[in-house]
Amino acid sequence: MLWLKRILFSSVGCKLVVALTGLGLVGFLVAHLAGNFLVFVGPEAINDYARQLRKFPLILWILRLGLISIFFIHIAFTIRLTRLNKISNPQKYAVPSRELSSFASRSMILSGLTVLSFVLYHLAHLTFRLTNPLFEQLGEYDVYAMLLISFQNPIIVCFYILSVCLLMVHLSHGISSSFQTFGIKHLKYNKIVENSSIALSIFLALGFSSIPISIFLGLIQ
Amino acid sequence: MRFTLFIWRQSNKEEKGRFKKYQVDDISSSMSFLEMLDLLNEQLINKNEDPVTFDHDCREGICGSCSLVINGVAHGPERGTTACQLHMRSFKDGETIHIEPWRAKSFPINKDLSTNRRSFDSIIQSGGFISINSGSVPDANSTPIPKTIADKAMDAAACIGCGACAAACKNSSAMLFVAAKVSQLSSLPQGKAEADKRVLKMISTHDKEGFGSCTNTGACEAVCPKEISIGHIAKLNREFIRAAFKSDLNL
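Residues numbered from 1 in each chain as written. Chains lettered and ligands numbered in written order. Predicted model: local features only at pLDDT ≥ 70, side-chain atom pairs only at ≥ 80, totals over all residues. Heavy atoms only, no water.

## Brief notes about the overall build of chain B
Our working rule: Only DSSP runs of H or I covering at least 4 residues are called helices, and only runs of E covering at least 2 are called strands; the numbering of each starts at the N terminus. Only protein chains enter the area calculation, which uses a 1.4 Å probe; residues under 20% of their type maximum are buried, those over 50% are exposed, and those in between are partly exposed. In what follows, a contact means two residues having at least one pair of non-hydrogen atoms within 4.5 Å. Here the accessible surface of atoms and residues is derived via Shrake-Rupley with a 1.4 Å probe, and residues count as covered only by protein chains that are part of the display. Under the counting rule used here, the positive set is Lys and Arg, the negative set is Asp and Glu, and His together with the chain ends is not counted. The atom standing in for a charge is NZ when the residue is Lys, CZ when it is Arg, CG when it is Asp and CD when it is Glu.
From N to C terminus, chain B includes 9 helices and 7 strands. On the principal axes, the C-alpha backbone points of chain B span a range of 60 × 40 × 35 Å. Residues classed as buried in chain B amount to 53% of the 251 residues present. Counting only contacts in chain B whose residues sit at least 6 apart along the sequence, the fraction spanning at least 24 positions is 68%. When the accessible surface of chain B is split by element, carbon and sulfur atoms take 48% of a total near 11,400 Å². For chain B, the distance from the average site of its 31 positive side-chain charges to the average site of its 29 negative ones is 6 Å.

Now the structure itself:
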């Protein structure tokens, strides 16, 4: 197993791990958004979905643990890479260079950290229901009511949208970049990979922000 | 033309360097950037001051010696050009120009603008070659190579090993340099035999020499004087994955 450790902890191997776990997290986002869209169907649909999810605690927890480990591996390897990269590049240039690379590619750590802080808040908000005392008075699975109450607050709506936009920036570089890391690159399909990566990021951002916006504007009651 | 120069001066590896201001006048717009520095050095020598040390050799853009970061950009504002092939007409009269050495932990500064790039030599020594006895000149076309592949290998072979990729990278990653060598050799039948060993050894040396990892920002291909594409890095990654998981060799 030493060979595997050596591979995964090399500069290219670390990137592979980050890319693989990153794509796994994108898969989760797609599934999560599909579930969220049930809010447009009606209160029964989304509350039913939440109830069904919790019906099989064993499967739910296996999935959750898988997700949590992917999430932590993604972050742990990123921290390792960032730390090593800082050591490799101890002194910056006195004159900042004109932009040779995209904003998204240079700010992956910043956008990632914002998304991380959002995820922590999001879990406290809707999974553990710690942020609003009103939630305790609701029935066990009334997701719909929780959303309606929360997204009346413009601060929460803004924070959700801001985080989702930064997630979009993160993914617009991250998804196509993972293809580069896997070595999947060719003039024939470079453009397809890049454009679909950006399209998916925008779709996810629009999809996720459509819910707080619709509730705030009173389109969902 | 006249310019105000801020040049990084550092008398040895240990000393903490700083910028020093110089004024140069009567610069012809047809002068190369290095000729402008030559003129400055003549003036400094005449005044009994220490001339500015910088690396240079062929001055025709093929040796990879010159290594100046000009106004924050490796090899200066002109794309696909080494600093020695950069001309003063690319600058505005009266412009202030900052000149710095490559900055990366793996390129320690010798003096002023000159850096020690021995780390690149060790990467090449660890696998950037083909160890077959080449014998006498083979018959033409005895090894058929499709034109598209020969062209791709040639694009990668254009690398002059100057180190601008690592200098421009926010992680000081020399991935484009390693990629150019790996891609060139592994594209061709002569280099295929040792492809797995080569990529594993070169990546291992790259990491040991203290270069960072690739974030796919593309800053390297933007400054590369030979305009080598980061598509070669994708090929490097592909070669690495194959060697790591399919071959009998270990990293």
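There's plenty left to go through after this.
## Considerations on the environment of A:F208
Residue and element names in this part refer to chain A. With respect to the helices and strands, F208 occurs in helix α9 (residues 190-216). Under the relative-accessibility criterion, F208 is labelled buried at 12%. Between the C-alpha atom of F208 and that of S102, which follows or precedes it by 106 residues, the distance is 24 Å. Residues within four places of F208 in sequence aside, it is in contact with L29, H32, L33, N36 and V164.

## Concerning the packing of aromatic side chains
Filter applied, for reference: Pairing of aromatic side chains requires ring centres within 6.5 Å, counting the rings of Phe and Tyr and the six-membered ring of Trp. Pairs whose planes differ by under 30 degrees are stacked, by over 60 edge-to-face, and all others tilted. Criterion for a charge above a ring: Lys NZ or Arg CZ within 6 Å of the ring centre, and within 35 degrees of the ring normal.
Evaluation of the coordinates by the stated rule reveals 16 aromatic pairs over all chains. Centroid distance A:F37 to A:F40: 6.1 Å. Interplanar angle 40°. Geometry classified as tilted. According to the relative accessible area criterion, A:F37 is partly exposed, its value standing at 27%. Between B:F120 and B:F177 the ring centres are 3.8 Å apart and the planes differ by 10°, which places this aromatic pair in the stacked class. One end of the pair, B:F120, is in helix α2 (residues 118-125); the other, B:F177, is in helix α5 (residues 175-187), and 57 residues separate them in sequence. Like B:F177, B:F120 is buried. Pairwise contacts between aromatic rings join A:F118, A:Y121, A:F151, A:F159 and A:Y160 into one cluster. Sitting above the plane of the A:W61 ring, A:R64 keeps its charged end 4.9 Å from the centroid. Sitting above the plane of the B:W8 ring, B:R103 keeps its charged end 4.1 Å from the centroid.

## Quick look at the interface of chain B and chain A
Quick note on the threshold: Buried area counts how much accessible surface, traced with a 1.4 Å probe, disappears from two parts once they are put together, with both parts' losses summed. We define a salt bridge as a side-chain nitrogen of Lys or Arg found within 4 Å of a carboxyl oxygen belonging to Asp or Glu. Just so you know the grouping, Ala, Val, Leu, Ile, Met, Phe, Trp, Tyr, Cys and Pro go in nonpolar, Asp, Glu, Lys and Arg go in charged, and all remaining residues, Gly too, go in polar.
Contacts between the two partners involve 50 residues from chain B, matched on the other side by 37 residues from chain A. Counting each side, the surface lost to burial between chain B and chain A is near 3,500 Å², with a carbon and sulfur contribution of 58%. When the area that chain B buries against chain A is broken down by residue, the three leading residues are B:R103, B:N216 and B:L251, summing to 16%. Our enumeration of links across chain B and chain A arrives at 0 salt bridges. Secondary structure elements with two or more residues in the side of chain B that touches chain A: β5 (96-101), α7 (195-208), α8 (219-223) and α9 (231-246) of chain B. Broken down by element, the side of chain B that touches chain A gets its largest block of residues, 9 residues, from α9(B). Split into classes, the residues belonging to the side of chain B that touches chain A amount to 26 nonpolar, 17 polar and 7 charged.

## Looking at the packing of helix α3 (residues 43-55) of chain A against helix α4 (residues 57-88) of chain A
All names here are of chain A. Operational definition: Helix axes are fitted only over the stretch in contact, all axes being lines through C-alpha atoms; the angle between N-to-C directions runs from 0 to 180 degrees. Here is the rule for angles: anything less than 35 degrees is roughly parallel, anything more than 145 is roughly antiparallel, 65 through 115 is roughly perpendicular, and the remaining ranges are oblique.
One way to put it is that α3 packs onto α4 with a least axis distance of 5 Å and a crossing angle of 90°. Considering their axes alone, α3 and α4 lie roughly perpendicular with respect to each other. Between α3 and α4, the contacting residues are L53, R54 and K55 on the first element and P57, L60 and R64 on the second. Residue classes in the contact of α3 with α4 are distributed as 3 nonpolar, no polar and 3 charged.

## Some details on the sheet that holds strand β4 (residues 73-74) of chain B
All names here are of chain B. Operational definition: Two strands qualify as a pair provided that DSSP identifies no fewer than 2 bridges between them.
Spatially, 5 strands are ordered β2-β1-β5-β3-β4 in an open sheet, and the strand pairing comes out mixed. If you trace the sheet from one side to the other, it starts and ends with β2 (18-24) and β4, each paired once. Bridge analysis of strand β3 (residues 68-70) against β5 gives 3 bridges, and the strand direction is antiparallel. Note on β5: the bridge partner recorded for V69 is E100. Those strands touched by helix α1 (residues 33-46) are β1 (3-9), β2, β3 and β5, and its axis lies near 90° from that of β2.

## Some words on the pattern of salt bridges
Close approach of charged atoms allows side chains of opposite charge to pair. All names here are of chain B. What the rule picks out here adds up to 15 salt bridges over all chains. In this structure, D196 engages R242 in a salt bridge whose closest nitrogen and oxygen atoms are separated by 2.9 Å. Taken together, the residues D196 in helix α7 and R242 in helix α9 connect sequence positions 46 residues apart. When the shortest N-O distance is used, the salt bridge between E239 and K235 registers 3.5 Å.

## Some words on helix α6 (residues 108-127) of chain A
Residues and elements named next belong to chain A. Rules: What a helix is expected to span follows from its residue count: subtract one and scale by 1.5 Å.
With 20 residues, α6 extends 26 Å between its outermost C-alpha atoms, agreeing within 8% with the 28 Å of an ideal straight helix rising 1.5 Å per residue. Buried within α6 we find M108, S111, V115, F118, H122, A124, H125 and L126. On the buried face of α6, the contacting elements are α2 (11-36), α5 (103-106), α7 (143-150) and α8 (154-181). Just downstream of α6 lies R129, where phi reads positive at about 50°.

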